[in-house]
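# Notes for the structure review
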Amino acid sequence: MQTAAAPEPSNYLNVAHTVKSWLLTRDHKRIAILYLLGITFFFAVGGLFALGIRLELLTPAGDLFESETYNKLFTMHGVAMVFFFLLPSIPATLGNFLVPMMIGAKDLAFPRINLLSWYVYMIGGLFTLAAALLGGVDTGWTFYTPYSTAASNTHVVLTGVGVFISGFSSILTGLNFIVTIHTMRAPGMTWDRLPLFIWSHYAASIIMILGTPVVAIAVLLVALERLFHIGIFDPNLGGDPVLYQHLFWYYSHPAVYVMVLPGMGVISELVAAFARKAVFGYKFVAYSSLGIAVIGFFVWGHHMYVSSQSIYAGLLFSILTYTVAIPSAIKVFNWTATLYKGSISFESPMIYVFGFIGLFLVGGLTGLYLGAMGLDVHVHDTYFIVAHFHYVMVGATIMAYMGGLHYWWPKITGRMYSEGWAKFAALTIFVGFNLTFFPQFILGYLGMPRRYHMYPPEFQVLNVLSTAGATVLGVGYAVPLIYFTWSFFRGARAPANPWGATGLEWQTPSPPPLENFTTPPVVTQPAYAYAEENAVA
Amino acid sequence: MHSPDAISHARLQHHFDTLEQQQQASTLGMWLFLATELLFFGGMFLAYTLYRAWYPDAWVAASHHLDVFWGAFNTVALILSSFTMAMAVHAAQTGSRQGQIVFLVLTMALGTVFLGVKAMEYADKFDHHLVPGPGFLFDDPRYARAAQIFFSVYFAMTGVHALHMVIGLGLLLWLLAGARRGTFTAEYNTPVEMVGLYWHFVDIIWIFLFPLLYLVGHH
Amino acid sequence: MGNIPLFPQQASNHATAVDGLYFFIISVTAFFALLVVVLVTIFAVRYRRRHAAEVGTPVHGALLLEITWSVIPLIIAMVMFYWGATVFFAMSRPPQNAMEIYTVGKRWMWKFQHVTGQREINELHVPVGTPVKLLIGSEDVIHSVFVPAFRVKMDAVPGRTTSLWFTATKPGQYHLFCAEYCGQRHSGMIGSVYVMEPAEFQTWLAGGAPPANMAEAGEKLFTDLACVTCHHEDNTGRGPSLRGVFGSTARMTGGGSVTVDEAYLRESIVNPQAKIVAGYQPLMPTFQGLVSEEQMNMLVAYIKSLASRPAETDAAAPAAAPPQ
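Each chain carries its own residue numbering, running from 1 in the written order of its sequence. Whichever chain is written first becomes A and whichever ligand is written first becomes 1, with later ones labelled in order. Under the rules for a predicted model, residues below a pLDDT of 70 receive no local features and side-chain atom pairs below 80 are neither given nor counted, while totals for whole chains, interfaces and linings still include all residues.

Broken down by element type, chain A carries 15 helices and zero strands. Radius of gyration: over C-alpha atoms. The globule rule applied is 2.2 Å multiplied by the number of residues raised to the 0.38 power. In terms of overall size, chain A behaves like a compact globule, its C-alpha atoms giving a radius of gyration of 23 Å where 537 residues would be expected to give roughly 24 Å. Seen along its three principal axes, the alpha-carbon backbone of chain A occupies a region of about 70 × 45 × 45 Å. Neighbour density around each residue's C-beta defines its exposure: 20 or more other C-beta atoms within 10 Å make it buried, 12 or fewer make it exposed, and counts between make it partly exposed, where C-beta atoms are placed from the backbone. Within chain A, the proportion of its 537 residues that are buried is 68%. In this description, any two residues whose backbone-derived C-beta atoms lie within 7 Å of each other are considered to be in contact. Within chain A, counting contacts between residues at least 6 apart in sequence, those at least 24 apart form 85% of the total. The numbering of helices and of strands both runs from the N terminus, where a helix is a DSSP run of H or I of at least 4 residues and a strand a run of E of at least 2.

Every contact between the two is made by 75 residues of chain A and, on the other side, 76 residues of chain C. Among the secondary structure elements, those contributing two or more residues to the side of chain A that touches chain C are helix 3 (67-103), helix 5 (147-151), helix 8 (241-275), helix 9 (282-295), helix 10 (311-339), helix 11 (348-371), helix 12 (373-379) and helix 14 (419-446) of chain A. Here the side of chain A that touches chain C gets 13 residues from one element, more than from any other, and that element is helix 10 of chain A. In terms of residue class, the side of chain A that touches chain C is made up of 47 nonpolar, 20 polar and eight charged. Basically, the charged four are Asp, Glu, Lys and Arg, the nonpolar ten are Ala, Val, Leu, Ile, Met, Phe, Trp, Tyr, Cys and Pro, and anything else, Gly included, counts as polar.

Our next topic: the confidence of the model for chain C. For chain C, per-residue confidence averages 87 on the pLDDT scale, and 93% of positions sit at 70 or higher. Scored from 0 to 100, pLDDT records how confident the predictor is in each individual residue. Here residues 312-324 of chain C is modelled with pLDDT under 50, and outside its nearest four sequence neighbours on either side it reaches 12 contacts, counting other chains as well.

One broad rule of soluble globular proteins: the nonpolar side chains tend to lie buried together. Within the largest apolar cluster, 321 residues are counted, with the highest numbers of intra-cluster contacts made by Ala218, Val219 and Phe356 of chain A together with Phe150 and Val153 of chain B. With near-sequence residues (within four places) excluded, valine 219 of chain A lies in contact with Phe143, Gly160, Val163 and Phe164 of chain A. Counting residues in hydrophobic clusters, the runner-up holds 18 residues, among them Met214, Leu299, Ala301 and Ile303 of chain C. Remark: nonpolar core denotes a set of buried Ala, Val, Leu, Ile, Met, Phe, Trp, Tyr and Cys residues whose joining runs through C-beta atoms within 7 Å.

Residues and elements named next belong to chain C. Of all the positions in helix 4 (residues 214-224), only Met214, Ala215, Ala217, Gly218, Glu219 and Phe222 are classed as buried. The elements touched by buried residues of helix 4 are strand 2 (109-114) and helix 6 (293-305). Alanine 226, located one to two residues past helix 4, shows a positive phi value of around 65°.

Residue and element names in this part refer to chain C. Spatially, 3-2-1-5-8 is the arrangement adopted by the five strands of the open sheet, whose pairing is mixed. Of all strands in the sheet, those bounded by a partner on one side alone are strand 3 (119-121) and strand 8 (162-167). Strand-to-strand twist across the sheet, computed as the mean angle between neighbouring axes with direction ignored, equals 25°. Pairing geometry for strand 1 (residues 99-106) and strand 2, over six bridges, is antiparallel. Residue threonine 103 lies in a different strand from strand 2, and its bridge partner there is phenylalanine 112. Here, strands pair whenever DSSP counts at least two bridges between them. What counts as an axis is a line fitted to C-alpha atoms, over the stretch in contact for a helix, and the angles between N-to-C directions run from 0 to 180 degrees.

Residues and elements named next belong to chain B. It is at 8 Å that the axes of helix 4 (residues 68-93) and helix 5 (residues 97-127) come closest, and there the two elements cross at 160°. In terms of their interaxial angle, helix 4 and helix 5 are classed as roughly antiparallel. Like other packed secondary-structure pairs, helix 4 and helix 5 cross with a definite hand, here left-handed. Looking at side-chain class alone, the contact of helix 4 with helix 5 contains 17 nonpolar, seven polar and two charged residues. To sort the angles, those under 35 degrees are grouped as roughly parallel, those over 145 as roughly antiparallel, those from 65 to 115 as roughly perpendicular, and the leftovers as oblique. In this scheme the crossing of two helices becomes right-handed for a clockwise turn of the near helix relative to the far one and left-handed for an anticlockwise turn of less than a right angle.

Another point: the packing of helix 3 of chain A against helix 13 (residues 383-413) of chain A. Between two packed helices, the angle of one axis relative to the other and the distance separating the axes together describe the packing. All names here are of chain A. Axis separation between helix 3 and helix 13 bottoms out at 10 Å; the angle between their running directions is 25°. With respect to their mutual orientation, helix 3 and helix 13 come out roughly parallel. Here helix 3 runs over helix 13; the crossing is left-handed. In contact with Leu86, Ser89, Ile90, Leu94, Phe97 and Leu98 of helix 3, helix 13 contributes Met393, Thr397, Ala400, Tyr401, Gly404, Trp408 and Ile412.

Residues and elements named next belong to chain C. The strand order across the open sheet built from five strands is 4-10-9-6-7, with neighbouring strands paired in mixed fashion. Among the strands making up the open sheet, the edge pair consists of strand 4 (123-127) and strand 7 (152-156). With strand direction ignored, the average angle separating the axes of adjacent strands in the sheet is 20°. Pairing geometry for strand 4 and strand 10 (residues 191-196), over five bridges, is parallel. Bridging from a neighbouring strand, leucine 124 pairs with valine 193 of strand 10.

The next subject is the confidence of the model for chain A. Summarising the model, chain A shows a mean pLDDT of 93, and 98% of its residues fall at 70 or more. Put simply, helix 5 of chain A is where chain A has its lowest mean pLDDT, 91, and helix 14 of chain A is where it has its highest, 97.

Moving on: the environment of lysine 341 of chain A. Note that lysine 341 of chain A resides in the loop between helix 10 and helix 11. For lysine 341 of chain A, a count of 17 C-beta atoms within 10 Å puts it in the partly exposed group. When neighbours within four sequence positions are excluded, lysine 341 of chain A is seen to be in contact with Tyr47, Gly56, Thr57 and Val59 of chain C.

Another point: the pairing of strand 1 of chain C. Remember that side chains alternate between the two faces of the sheet whenever the strand is regular. All names here are of chain C. Judged by how many residues are buried, strand 1 sits mostly within the fold: seven of eight residues are covered. As judged from the seven bridges shared by strand 1 and strand 5 (residues 131-138), these two strands associate in the parallel manner. Across the sheet, methionine 99 pairs through a bridge with valine 132, a residue of strand 5. Hairpin geometry of strand 1 and strand 2 is characterised by an intervening segment of two residues between the two adjacent antiparallel strands.

Moving on to unusual backbone geometry. Backbone torsion omega between threonine 145 of chain A and proline 146 of chain A reads -5°, so that peptide bond is classified as cis. Mapped onto the elements, proline 146 of chain A comes out in the loop between helix 4 (111-133) and helix 5. Residue tryptophan 108 of chain C follows arginine 107 of chain C across a cis peptide bond; omega there is -10°. Tracing the sequence through the fold places tryptophan 108 of chain C in the loop between strand 1 and strand 2. Unlike most non-glycine residues, lysine 341 of chain A shows phi in positive territory, near 60°.

Below is the structure:
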C-alpha cells in the first residue's frame, strides 16, 4: 500500500499530460479512454433525443413537436445510440483496455490502426452530428428504401456517410482484436486458459469484420441512389426495395451480438470474481459465443416475415432463430450454476450482474415470441419489438457495460468510487429500465405501432408510465457520470487488486505502467483458478 | 525472445517480442482485412445476381455495350501486374533493392494502364449516354430500365474496384520510396508482402468482374 | 381506470390461434425466468461470502447437466418453431372462395376497392363470417396493413402484390394502422375496419351511387391501353389470349412453368420480359409508370374475370363482342 506522501509510480496516465500526448497516443489504454469520452458524449446526445421522444408521447395528440421533428428525433436517437454508442461501447472501451492486458500483451497488434479507428469513429460521428445540426434525418435508423432513396428530403446522404465511415472504425477494432488474440498471447496463455471476456470479444470481432462491410455497401448504395437515381432499390426504375432489407439485416441482426456478446464476456468475468469461483462449464460458455456469432449470420430474415419474403425462406430463418437462442440459454444456466457453492459478495459490480441477468432474461426470452412466425406477424413493428430490443441491446448491454466499468474502474483510473452511490445507481437503472420498457410490451401486443407520433387515446396510461420510467432511468444513468468524474480526480487510491480477483490485469499496478506489466507475465493456470492458498490478501 | 538479432532489429515495434511475431500479426491482419473486403464486394455481387436473374435478356443487351477487347486487355494488364508484383515481393525477400525498384515501377505502370483504359471506357459510356441518371438513353426501349440497373451495378462495382486500384497505386508509391531508401531486406519485408496480398486481391476481384460484366451472353 | 385495455380484442379467426401461441410462450418463458431468478436468489443468499478471504468451492462442469440444459430448451424451441410456423401457414393460405378487396397504400392514406367497385378511404367495411382477402400494393414507399384485433399484418411493397386474409368474427369497429414507417404523417395513416352483419354489409354495399365494377373498369382500360391489339381472345394475336389463364399453369419460354396469379399478372405488366409464355416473342413494352396502382388492380380484376370463361375459344367466338 502506498502512503499519501509517496510519489506515484510511473503509469500510463502520468507519463505525460499534454493534449498532444493524448491525441497522438498509440497506447491501447489511452485510446480506450478517448473512446470512453466519445461514446459517453454520443450516449448523452442519444439520450437527449430519447427525452424528446418520451416527452412527446406523454399525450396522444402529438402536440409537443411537429410530426417531422418527432420522426427526426427517433431516427437520430437510433443512429446515435446504435452506431455511436452501443456498437463501440464495450469493445472499444473495456475491450481496448483489457484485451491486451488479459492475455499478457504490451499492446494491441496494430497500435496505429487502433488510434486510427478512434479518429475514424469521431469523423463518422461528426458527419452524423453535422447532419443532425443541419436539420436532421427522418428515415428511421434502418434507412429503409425506397423511403430513404426516393421520398425523404432530409440529410440522408450526410448521415449515411457518417455511418459508413464509423463502420470502418468497427472493422479496424475487430481486426486488431482477432490478430492480437491470435498472435500476442503471453507464454502459457493457451486458448483454453483465455478469460471468457476474450472469447466473447473474439466472437464479436468476427461479426465486426464480416458483417460491417455489407451494411457499409448497402448504405453506400442508398447514397448513390439518392444522388444519381441509379435504380438499384427503386421499384419505379425496376429495382427491388426488399434487397436493401436483406443487405441491411445481414449485418444489423448480427450487430446485436456485437453489442451483447462483449457484455456476456463482462458478466462471465464478474460472476467468477464475485463468486470467487471458476465459471461453470467454461468450454460451453466459450464455444457458445462462437456459436452465437456463426449462427447469428443466418437469422436476418426473421426481421422480414411480413416483407413479402417467401414463406419457405421465413421457415428457415425461424428455425435458425430458435437455434441461436440455445447458446444464450446455455450461458445463463452456466452463470447461475457458477453461483452454486460460490463465495458471493455484493459489491456494486455484482449488483449490475444481477441487473443484467434480470434484463437479459426478459430481453432474451421475448426473442422467442418474435421467432415464432405466426406471432411475429402481430407484434412486428409494434412497441413489442421496441421493448424487446431495448431489453437486449440497451438494458442488458448497458448493465454489463456499467458493471464492467465499475469492476475495472480502479484498474483503469487507479481510483475507487463511492460504493453507496454505485449501488444506488444500479438499483435506479434497474427499476427505471423496467418501468420504461415493460409497459411497451403490453402496448405492443395491444397493437401500438412503433414510430408513431400520435396514437389512440387508450394507449396513454401505459405511455405515461413509460415516460415516468424514462425519467428514473435518466437519473440512474446520470449519477455514475457524477461520481465517476469525482472519483477520477478525488477518489481514494485503488490497490492493484481490490476485488481479490484472478486474471493478469489484476497482477499489475493500478493504473498499469506503460507497457502494462513490470515483468512479462507467464501463465501457469487456467482462468479463474480461485483457491484458498491463492486467495489474494 | 530467442533471437537477439531480431530483437535488436530497428523495425521491431516495441510491443512485439520478435520480428517473426510481428510478421505473423501483419499477415493475419491483412488476410482478415481482405475477408472484410470480400464481404464489401459481396453485397454488390448479390445485387448483380438478383437483377441478372430478374432481367436476363436486358443483361445480355446491356453487356453488349461494353467493349470486350478493352475488358480483356485490362484483364491481361492486371494479370501481368500481379506477376510483376510477385516478382517485387521476391526481390524484397532476397534483398534485391534494384529488383524491387524495377518491379514496383512495372507494377505501377501496368496499374496506371488499367486505370487509363478504364477512364477511356467511362468517357465512352458518358458519350453514349450510358451513365445512369436522368440522361440515360438505351437503344432498345424494352430493356431501357433494366439496362440502367445493369450500368448502375457496372459503375458501382468497377468504380469501387478502381478506387481500390488507386489506393493500391498509392501504396506502391510508398513502397517505392521505401525501396529506394533500402528499407526492405531479407529479414524485414512485411510491407511489401502485405501490399502484394492486397494487389493480388484487387486483381482477383477484377477477374470475377470481367466475365460477369463483359461476357454476359457470349457463349 | 376501468377502460385501459391491457389485452387486444379478438375479432378474427387468426386472433385465437395467435393468442393461444402467445399464452403458450408466456407460460414457458415465465417458468424459465422464474426458475433462474429463484435459483440465483437462493444461491446468492445461501452462498454469500462469510469472511473476506473465503473462496468458492471448485465445482467442475458436468457434461450431463450441460447436455440437459441444451437439449431441453432446444426441444421446447422446436415446439415453438413448429407451432409458430403452423399459425403462419394458416395465415398465408387464404381459402379459395375468399372475398377479395384491393388495397393500395399511398402516403398517407389507405385506399380500398371492392370487386363490385365501391371505393373507401381509410375505412374498410367487411362482413362477419366471410373470409376476406386483401390484395395489397403501394403507390410510393413501403407501408404495412395492420389490424391488431385481427392479428394480421402485411407489408405493402411498391412493385409487388402482397396479400393477407382473415375471417372477421365479431361485429364492431377496429383500428387499422400503417405499421411500416412511411414518412411525415406515418402515424396519421390510420383508419377503421368496420365488421358488419352480412345483411347489413349487403345493404352498405348496395348503398351510394352505383359504381362501375372493377372488372368492367379494367376492361375499358384494357382497350384504352391498346392491350387488345395483341392479346386477342381467340389466340391469334402477338400475345397470348388471356381467357381462362388466371389460376392456370402456363409454360414458359426456356422451360419451367408459372401459376398465373396476381403477382405474375403484375410482373407481366411491369416487367414483361421476365417470364415469357412459351411460343411468344418478348415484344411487350413495360407499363411501369403508365398504370397507377388502382388501374393495375382493375386490369388484374378484369383478367381474373376472364378466368371463368373457357380458354379453348373456337373461331366462332366473337372476339369483337364484349360480353355484358
